[in-house]
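Each chain, letter by letter, is given below.
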Amino acid sequence: MTLMPSLRHAQQQQTQHQTTTASEPPGANEPASGDVTTTAAAVERGRSGLTSFGPRPAADQQAAAPAATFRRHWHAAAVRRRRQRWAHLQQGMQWRGGGDAPAASASTMAAAREQQAAAAAAAAAPLRALQAAQAAQAAAAAESPRPCYPFTAIIGQEEMKLSLVLNVVDPRIGGVMVFGDRGTGKTTAVRALADLLPRITVVAGDPFNSDPSDPELMGPEAHAAFKAGTPRKTLLARTPLVDLPLGATEDRVCGTIDFERALIEGVRAFEPGLLARANRGILYVDEVNLLDDHLVDVLLDSAASGWNVVERESISIRHPARFVLVGSGNPEEGELRPQLLDRFGMHAFIRTVSEPSLRVAIVNERQAFDDDAEAFRARFEGRQRALAECIVAARKALIGVEIDYDTKLRISKVCSGLNVDGIRGDIVTTRAARALAALEGRARVSDADVGRVIVMGLRHRLRKDPLSSIDTGERVREEFERVFGVAAATIKIG
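Residues numbered from 1 in each chain as written. Predicted model: local features only at pLDDT ≥ 70, side-chain atom pairs only at ≥ 80, totals over all residues. Heavy atoms only, no water.

**Points about the overall build of the protein chain**
Counting its regular elements, the protein chain contains 20 helices and 13 strands. By the burial criterion, 39% of the 494 residues in the protein chain qualify as buried. In the protein chain, of all internal contacts separated by at least 6 residues, the share reaching a separation of at least 24 is 74%. Accessible area for the protein chain stands at about 27300 Å²; split by element, carbon and sulfur atoms hold 55% of it. (Helix = DSSP H or I, 4+ residues; strand = E, 2+ residues; numbered from the N terminus. Buried < 20%, exposed > 50% of the residue type's maximum accessible area, 1.4 Å probe, protein only. Contact = heavy atoms within 4.5 Å. Areas by Shrake-Rupley, 256 points an atom, 1.4 Å probe, with all protein chains shown as cover.)

Put into structure tokens, the structure is as follows:
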């Protein structure tokens, strides 16, 4: 029964207190933070039930305790709000009235921005040092990799070796799909090919392996520096070989936002993906038939166009992605859809060597390499150097290789006779035949050159039913012999 009068009494006191302090500056009636005597006296008065308006009835002290606690917290919050408003008002009056205030405020804001930038740079310094150390370790590892099995020491598998070398001579062929039994040296051949290729000149510290003289092979930063005439350091690097894991995401492949720089430096930056690292090199996908179809489509689009376009969270970037796409797989684990198979330029089908003498020779060579890799590589150093020089010369001579109209017409007749969908088969066969002629040092494509590559260019394009298997090449050979009047042949590399 005594609670309601006490609450009315508290509200009357609060109203009178607000009326008294409304015209005063904030905190005028508040004790100073260091005034211990005044604060202690106020606390003692609260404990004894006294207020500035006189003693409170003893019967109301216990019932009014919750209201007093609420009033103290509310009053403290009101004082803080009034002080904030008063400070903002003072700043506004100083900005409008003072003569030098705007300049002083602008200089203060500029100094604050400089301090913030310096703090961000200091915070990012350890991260940049770590990234530089990692890049140095990667470069050192690339300069001194573990010994690789020589490409010219691979016994057999001529179709696979031929298709790989032709794609290196002319990357516009569109890559190669290597299908065959497990344990037949597919991965060994791809790694050996990358070790065989000569070194390339790149811009130092550039994640896109930019060519310092060709704008079509430059990343965004290197291209901007090239247009501005800013000199950049260059170095010789090995031809990059990038392995694409099966669990890779689209962001990891194409690139995404650099969240570390966004959080530390507050800037929007692009973090290059695997396609940027593979520029001017080889992108290898083992078990490509187990990779998600949309990722295979992204890889094939970039390999065909030579560019990678990324649209991520208000960032739009376009960078070169000129690489040789090599996919391998085991037919027992499934095959790619016909639509994706058609996007690969060439298809090489390899089988396990059945002749016992060749199997023993392969075992002996591998054992010799495992026992002393350096001595084994020294045995094939001459062959390796000769093949590398032949590839470099073929790249330079490719533009001058000619193929007459009659040969092109007969290639199209073969494709039409086999009911090949699209024109990719015609284009790939023509490019591969020119690359083979350049590799052998000839200036004109012959019928034999076409016969050596046409099976690899058309075999996988005959599969129209997803449930059917890829043709072994017999249909292509028969049609070629009917149109050209000569037998299809093969070539030995190395």
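So that's the structure; there's more coming.
**Comments concerning the side chain of D170**
Tracing the backbone shows D170 in the loop between α6 (158–169) and β3 (176–180). D170 sits in the buried class, given a relative accessible area of 2%. Ignoring any residue separated from it by four or fewer positions in sequence, one finds D170 in contact with L398, R431 and A435.

**Concerning the pattern of salt bridges**
Considering all chains together, one arrives at 25 salt bridges under this definition. The shortest N-O distance in the salt bridge between D195 and R238 comes to 3.7 Å. Residue D195 is located in helix α7 (residues 186–196), and its partner R238 is located in the loop between β5 (234–237) and β6 (241–243); the two are separated by 43 residues in the primary sequence. Judged by its relative accessible area of 22%, D195 falls in the partly exposed class. Among the ionic pairs, E365 bridges to R379, the shortest N-O distance being 3.6 Å. In this pair, E365 is assigned in helix α14 (residues 356–371) and R379 in helix α15 (residues 373–379), connecting sequence segments 14 residues apart. With a relative accessible area of 19%, E365 lands in the buried category. Three or more residues are tied together by salt bridges with common partners; here these are E440, R442, D449 and R452. (Salt bridge = Lys/Arg side-chain N within 4 Å of Asp/Glu carboxyl O.)

**Structural notes on the confidence of the model for the protein chain**
A residue-level look at the protein chain finds 69% of positions with pLDDT of 70 or above and a mean pLDDT of 77. Considering only residues more than four positions removed or in separate chains, one finds that residues 1–7, a stretch of pLDDT under 50, has seven contacts. Scored below 50 in pLDDT, residues 92–104 shows five contacts in the model against residues more than four places distant or in partner chains. (pLDDT = per-residue confidence, 0-100.)

**Quick word on the packing of α6 against helix α19 (residues 447–458)**
Running from N to C, α6 and α19 point in directions that differ by 90 degrees, and their axes come no closer than 11 Å. Taken together, the axis directions place α6 and α19 in an arrangement best described as roughly perpendicular. Contacts from E159, L162, S163 and L166 in α6 reach R452, V453 and M456 in α19. Its residues assigned to classes, the contact of α6 with α19 comprises four nonpolar, one polar and two charged. (Axes fitted to C-alpha atoms, helices over the stretch in contact; angles between N-to-C directions. Parallel < 35°, antiparallel > 145°, perpendicular 65-115°, else oblique. Nonpolar A, V, L, I, M, F, W, Y, C, P; charged D, E, K, R; others polar.)

**Quick word on the packing of aromatic side chains**
One pass over the full model with this rule turns up five aromatic pairs. Their ring planes at 45 degrees and their centres at 5.1 Å tell us that F376 and F380 sit as a pair that is tilted. For F380, a relative accessible area of 6% corresponds to the buried category. On the numbers, 4.4 Å between centres and 25 degrees between planes, the contact of F480 with F484 is stacked. You can see F480 and its partner F484 sitting in helix α20 (residues 474–484), four residues apart, about one turn around the helix. The exposure class of F480 is buried, given its relative accessible area of 0%. Residue F484 is classed as buried on the basis of its relative accessible area of 7%. Here a set of aromatic residues connected by ring pairs shows up, and it is made of Y149, F369, F376 and F380. The ring centre of W307 lies 4.0 Å from the NZ or CZ of R318, which sits over that ring. (Phe/Tyr/Trp six-rings, centres within 6.5 Å; stacked < 30°, edge-to-face > 60°. Lys NZ or Arg CZ within 6 Å of the ring centre and 35° of its normal.)

**Here's the deal with α20**
If you check which residues of α20 are buried, you get V476, E479, F480, V483 and F484. Burial along α20 is one-sided: seen end-on, the buried residues are contained in an arc of 110 degrees. Those residues of α20 that are exposed and angled more than 90 degrees off the buried face are E478 and R482. If you follow the buried residues of α20, they end up packed against α17 (405–417) and α19. In the segment just after α20, G485 is the residue with positive phi, at about 80 degrees. (Arc of directions from axis to C-beta.)

**As for the sheet that holds strand β13 (residues 346–350)**
Backbone hydrogen bonds are what pair the strands of a sheet, in a parallel or an antiparallel way. If you trace the five strands from one edge of the open sheet to the other, you get β6-β9-β12-β3-β13, paired in parallel fashion. If you trace the sheet from one side to the other, it starts and ends with β6 and β13, each paired once. Here the strands of the sheet are splayed against their neighbours by 20 degrees on average, with no regard to which way each runs. Where β3 and β13 come together, five bridges link them in parallel fashion. (Pairing = 2+ DSSP bridges.)

**Things to note about the side chain of E479**
Here E479 lies in helix α20. Apart from residues lying up to four places away in sequence, E479 is in contact with K413, V414, G417 and L418.

**Concerning the nonpolar core**
Counting 65 residues, the largest nonpolar core has F151, L166 and I391 as its most contacted members. Within the second largest apolar cluster, 32 residues are counted, among which are F208, V242, V288 and F323. (Core = buried A, V, L, I, M, F, W, Y, C linked by side-chain atoms within 4.5 Å.)

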